[in-house]
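Chains, contacts and geometry: an overview
Below are the chains, spelled out letter by letter.
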Amino acid sequence: MSKRLSWKVKFSILMVILIIIIYGSNYLVLGDAEHIISYIWTHLGFIPVDILLVAFLLDEIIERKEKEAMLEKLDMLMSTFFSEVGNDLISQLSTVNKYKASTENLKSIKNWTEEDFDNKLAELKGSSLDFQADISPEEREEFLTNLSEFLESKREFIINLINNPNLLEKEEFTGLVNAILHLDEELVHRSDLALVNDADFGHLNGDMQRVYDRLVHEWVYYLKYLYKHYPYMIALIIRTNPFDEDADVYVKE
């Protein structure tokens, strides 16, 4: 018998002895066996009720705590995603976006409060961002080639994200990853990007817009998360803000 089991057996025997002593002394002093039996019977009836309530409450609490811990890990995973893929992809798409004014206020994110983050997230969720790659036909092939090569270099990392079953708990982030994989697939299947005409480029614009829209939403959500939980980490994100072409990682003041 293990020491742990032996301890439990000894403790149980001690409790039984104490019960006998307590109820035995009650009977010897008061001599009312009927009252003692009624009292025990009544409280035994509440045991299943107590077990039922405790089981449901504990299960709910444990499940909620496990989900919070899992979401915490996923939020931290977003840090790796933006370092590996997100920030560079935002820069590539923002640089050529004809409608840069739609994300102009993201340059001043260093001065935002939690309310500003909430308002921006509500705005992004309520409507799609305007996006159109403003590229001349002569520069189109180079841009698409660079974008395709970048996505290809990050394909394994992105696929590993998809293989994370917990990722399904974050529908918005899952949608972003799927949109990136789809854009990658569209570019890979075009063996000669020089053959992309205006109509085909318009189709690719739709795929890029889908990625850009979800990417900006997740970026703002990620910054809000850092703002609330890791304010010391947000300073680096602000200094490398992909929406600010003048951003500089070096601390100036």
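Report follows, based on the coordinates. (Residues numbered from 1 in each chain as written. Predicted model: local features only at pLDDT ≥ 70, side-chain atom pairs only at ≥ 80, totals over all residues. Heavy atoms only, no water.)

Focus on the nonpolar core
- Phe 81, Leu 89, Met 208, Trp 219 and Val 220 are the most contacted members of the largest nonpolar core, which has 53 residues in total.
- Where this core is concerned, the elements lending two or more residues are helix H2 (33-96), helix H3 (114-126), helix H4 (137-153), helix H5 (155-162), helix H6 (171-188), helix H7 (198-229) and helix H8 (231-239).
- At 13 residues, H7 tops the list of elements feeding residues into this core.
- Those residues in contact with Trp 219 that sit more than four places away from it in its chain are Phe 82, Asn 87, Ile 90, Leu 106, Ile 109, Ile 237, Asn 241, Pro 242 and Phe 243. (Core = buried A, V, L, I, M, F, W, Y, C linked by side-chain atoms within 4.5 Å. Buried < 20%, exposed > 50% of the residue type's maximum accessible area, 1.4 Å probe, protein only. Helix = DSSP H or I, 4+ residues; strand = E, 2+ residues; numbered from the N terminus. Contact = heavy atoms within 4.5 Å.)

Re a nonpolar patch on the surface
- Side chains of Val 9, Ile 13, Leu 14, Ile 17, Leu 18, Ile 21 and Ile 22 sit close together on the surface and give an oily, nonpolar patch of about 600 Å² of accessible area.
- When you line up the elements, Ile 17 lands in helix H1 (residues 3-30). (Patch = residues over 30% accessible without salt bridge, like charges linked within 9 Å, V, L, I, M, F, W, Y side chains within 5 Å. Areas by Shrake-Rupley, 256 points an atom, 1.4 Å probe, with all protein chains shown as cover. Salt bridge = Lys/Arg side-chain N within 4 Å of Asp/Glu carboxyl O.)

Quick word on H4
- In a regular helix each residue adds 1.5 Å, so 17 residues correspond to 24 Å; H4 covers 25 Å between its end C-alpha atoms and thus fits that length.
- All buried positions along H4 are accounted for by Arg 140, Phe 143, Leu 144, Leu 147, Ser 148, Phe 150 and Leu 151. End-on, the buried residues of H4 take up no more than an arc of 160°, which puts them together on one face. In H4, those exposed residues whose orientation departs by more than 90 degrees from the buried face are Glu 138, Glu 142 and Ser 153. (Expected span 1.5 Å × (residues − 1). Arc of directions from axis to C-beta.)

A few points about the side chain of Asp 184
- Relative to the assigned elements, Asp 184 resides in helix H6.
- Those residues in contact with Asp 184 that lie beyond four places of it in its chain are Ser 148, Leu 151, Glu 152 and Arg 155.

Section: the packing of aromatic side chains
- According to the stated counting rule, one finds 9 aromatic pairs in the structure shown.
- Here the aromatic rings of Phe 81 and Phe 173 are separated by 5.2 Å at their centres, their planes lie at 90°, and the arrangement is edge-to-face. Here Phe 81 is found in helix H2, whereas its partner Phe 173 is found in helix H6, with 92 residues between them in sequence. Taken as a pair, Phe 81 and Phe 173 share a single burial class, namely buried. (Phe/Tyr/Trp six-rings, centres within 6.5 Å; stacked < 30°, edge-to-face > 60°.)

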